[in-house]
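Structural characterization, general
Now for the letters of each chain:
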Amino acid sequence: MAAEKEFVKELTSKSEDFSQWYVDVIRKTDMADYSSIKGCMVIKPYGYALWENIRDGLDRRIKATGHQNAYFPLFVPESLLRLEAEHIEGFAPEVAWVTHGGNEKLEERLAIRPTSEAIICSIYAKWIHSYRDLPILINQWANIVRWEKVTRLFLRTTEFLWQEGHTCHRTEEEAQEETIKMLNVYKEFMETELATPVIVGQKTEREKFAGALRTYTIEALMADGKALQGGTSHNLGQHFAKVFKIKFLDEDQSEKYVWQTSWGVSTRLVGGVVMVHGDDAGLVLPPRIAPIQVVFVPIYFERTKEEIRAKVTALAEALPGIRVEADLRDTFTPGWKFNHWEMKGVPVRIEVGPKDIAKHQVVIVRRDTREKIFVPETEMRATVERLLVDIQRSLFDRATAFLKENTRSVTDYGEFKELIESKRGFLVADWCGQAACEDKIKEDTKATIRCIPFDLSPSPQATCICCGSGANHRVYFARAY
RNA sequence: CGGGGCGUAGCGCAGGUGGCUAGCGCGCCUGCCUUGGGAGCAGGAGGUCGGUGGUUCAAGUCCACUCGCCCCGACCA
């Protein structure tokens, strides 16, 4: 353990102080930096490359399900934002306002979008006239500003990047189908690309999006036992359609309001990846989204330096389709580089030294287990390809096992309080459906209902974990980010 | 917005009962030597001590105000 600690002298131990570990990892790996603007972070190239891979994987899926990308204005006139009462009430405390253009005071304040429902709905109203114009299936990749009081790198920043889908449908059924479809896209994406298992379900009235009919969510469990909402999908019903007058003439010649959905995930997923997979040596990145999948570290000796350099360069080129970095610098020792690239979470490291050249082999080390294998050069490519798949799967398996171990079913409120304090994780319990109980539990334990899952229902005799009256929901509780 | 902590070299920090030329480690630059788990030696560069105002012969140090950041809490993707 002492030796292990020496390895990572730049990082706070994960078990010692999880929050500090998280910040250390992000800063030492050059993912992000603080800026001179309160609550705003700089996403540095390494962090941005990770975000780009996340973005690209999701963008493919969004397009594959029939959506197109577009871009809408950053500004939302105050009058538009105010149209949907519940919506403005929900977002008012965290909206940033533009009041001047140059030196002139604006006639009407402009909100910097805290989300784009208002501006997009006002435009959709102009676009939609007939049932033949439907559905509208549009996504936008954009920046968002929410004036948060407390910020945290990637998890909650004043400005952040996200995608927001905004769709309009002819019928309620179609909108509901879309809402669930995108929720499932998120789930599949999280599991496949981020190697992060999620629980899926509906938000309570208290937790739903301001202005939505129903909100659905995917929730992941971080290594410290706290939940992270990874993405949400909202069935907006006709609330926005009615106030923004998004109407169409249907086939039956009657005028109707559209049914809408919206759904989004943000750069907070980057923080999620750090907290789900990282360890005391730093990041552990799922191969599918890792900016660098394989790093070559040459083992130089003065006499064979040029030979080693040439060999590493050649081997690095022999891995087409794989994101490869060859660390040819001679200003750092191999040991330093091992630690450096492990901290950066690169899934596979390949060492090449004189002994390896003599034996026509390479040394391959996987980041997740640090297992070291000696592989003939001719088998390098196949081995790397296999390892990348294997690491992706074992990260998912490990996270899934962690999720299972830390999901506990409880029926006694005393036990509930004890568990949330000592073990964290998800607690599955029965609930009466009353907001009063939800509030009391939050007050007592800081745990909130993360979601009402689709695949669980209370037994007929079940009673509310809090008040003891008849329960009609079986839900997941957790402390959350 | 409440409670706590912190702003001194790129990073991490010491100095804090005012007093020599503001220091240490890492990093950086030059050279030599080295490289299989964070090498070594020698030389060198780098500072409006967060900002403003005050007290004083003298302020990194004391006082007031202010800006910013981090952590914990209440609020939130």
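Residues numbered from 1 in each chain as written. Chains lettered and ligands numbered in written order. Predicted model: local features only at pLDDT ≥ 70, side-chain atom pairs only at ≥ 80, totals over all residues.

Considerations on the domain arrangement of chain A
So the rule is basically this: In this entry, domain limits derive from an automatic or database-based domain assignment. Here, residue contact means that the backbone-derived C-beta atoms of the two residues sit within 7 Å. We count a stretch as a helix when DSSP gives it H or I for four or more residues in a row; a strand needs E for two or more, and each element gets its number in order from the N terminus. Nonpolar residues are Ala, Val, Leu, Ile, Met, Phe, Trp, Tyr, Cys and Pro. Charged residues are Asp, Glu, Lys and Arg, and all others, Gly as well, are polar.
By the assigned domains, chain A splits into domain 1 (2-277), domain 2 (294-387) and domain 3 (407-478). Listed as interface residues are 16 residues of domain 1 and, on the opposing side, 15 residues of domain 3. Listing elements by their share of the side of domain 1 that touches domain 3, those giving two or more residues are strand 9 (199-202) and strand 10 (214-221). For the side of domain 1 that touches domain 3, the per-class residue count stands at 4 nonpolar, 5 polar and 7 charged.

Brief notes about the sheet that holds strand 15 (residues 294-298)
Note the cut-off: The criterion for strand pairing is that DSSP finds at least two bridges linking the strands in question. As a rule, the C-alpha atoms of each element are fitted with a line to give its axis, helices using only the stretch in contact, and angles between N-to-C directions run from 0 to 180 degrees.
Reading across from one edge, 16-15-17-18-19 is the order of the 5 strands in this open sheet, with mixed pairing throughout. Every other strand in the sheet has two partners, leaving strand 16 (324-326) and strand 19 (372-376) as the edge strands with one partner each. Averaged over all adjacent pairs, the angle separating strand axes in this sheet is 25°, with direction ignored. As defined by bridge partners, strand 15 adjoins strand 16 across 3 bridges and the pair is classed as parallel. Residue pairing across strands places F296 opposite A326, the latter belonging to strand 16. Helix-sheet contacts for helix 13 (residues 380-405) involve strand 15, strand 17 (348-352), strand 18 (361-366) and strand 19, and the interaxial angle to strand 18 is about 5°.

Some words on helix 2 (residues 18-28)
Rule in force here: Partly exposed residues are those falling between the two cut-offs: more than 12 but fewer than 20 other C-beta atoms within 10 Å of their own, whereas 20 or more means buried and 12 or fewer means exposed, with C-beta atoms placed from the backbone. Directions are taken from the helix axis to each C-beta atom, and the arc is the one they span.
Buried within helix 2 we find W21, Y22, V25 and I26. The buried residues of helix 2 occupy an angular sector of 125° when projected down its axis, which confines them to one face. Where helix 2 is buried, its residues meet strand 1 (32-34) and helix 9 (268-277).

Re the protein's contact with RNA strand B
Stated formally: Nearness rests on one distance test: the residue's C-beta atom, set from the backbone, must lie within 6 Å of the molecule or strand.
Around RNA strand B there are 44 residues in total, and K38, T333, G335, G353 and K355 lie nearest to it. Counting only elements with at least two residues in the surface near RNA strand B, the list comes to helix 2, helix 11 (334-343), helix 12 (354-359) and strand 18. Of the residues forming the surface near RNA strand B, the biggest block, 7 residues, is contributed by helix 11. Looking at the surface near RNA strand B residue by residue, the class counts come to 15 nonpolar, 11 polar and 18 charged.

Examining the sheet that holds strand 5 (residues 96-101)
Taken together, 3 strands build an open sheet; the order of strands is 4-6-5 and the sheet is antiparallel. Unpaired on one side and paired on the other, strand 4 (75-77) and strand 5 mark the two borders of the sheet. Ignoring which end each strand starts from, the neighbouring axes of this sheet average 45° apart. When strand 5 meets strand 6 (residues 104-112), the two strands line up antiparallel, connected through 5 bridges. Counterpart to V98 in the pairing with strand 6 is L110.

Let's talk about the pairing of strand 18
Two strands pair when backbone bridges link them, and strand 17 and strand 18 are joined in this way by 4 bridges, in the antiparallel orientation. Across the sheet, the residue bridging to I350 is I364, located in strand 18. By the bridge criterion, 5 bridges tie strand 18 to strand 19 in an arrangement that is antiparallel. Bridge assignment links I364 to a residue of strand 19, and that residue is I373.

What about the pairing of strand 11 (residues 227-237)?
Strand residues, when the strand is regular, have side chains that alternate between the two faces of the sheet. Extensive coverage of strand 11 is indicated by the burial of 10 of its 11 residues. As judged from the 8 bridges shared by strand 10 and strand 11, these two strands associate in the antiparallel manner. By the bridge assignment, T215 is partnered in strand 11 with H234. Between strand 10 and the antiparallel strand that follows it, strand 11, lie 5 residues; G225 among them carries a positive phi value of about 90°. Where strand 11 lies against strand 14 (residues 259-266), 5 bridges are found, and the strand directions are antiparallel. Residue pairing across strands places H234 opposite S262, the latter belonging to strand 14.

What to know about the environment of E438
With respect to the helices and strands, E438 occurs in helix 15 (residues 435-445). Between the C-alpha atom of E438 and that of S459, which follows or precedes it by 21 residues, the distance is 20 Å. Other than its neighbours up to four places away in sequence, E438 contacts T204, R206 and I449.

Describing the confidence of the model for chain A
What counts is decided by this rule: Each residue carries a pLDDT score, the predictor's own confidence in it, on a scale running from 0 to 100.
Averaged over all residues, the pLDDT of chain A is 93; the fraction at 70 or higher stands at 98%. pLDDT under 50 marks residues 1-7. Its contacts with residues more than four places away, or in other chains, come to 3 contacts. This prediction of the complex comes with two scores: 0.95 for pTM and 0.87 for ipTM.

Some remarks on unusual backbone geometry
Cis geometry marks the peptide bond from L134 to P135, where omega comes out at -5°. Its location among the elements puts P135 in the loop between helix 6 (117-127) and strand 7 (136-145). You will see that A195, though not glycine, has its phi angle at about 50°, which is positive. Notably, Q253 is not glycine yet its phi reads approximately 70°, a positive angle. Residue position: Q253 is located in the loop between strand 12 (247-249) and strand 13 (255-257).

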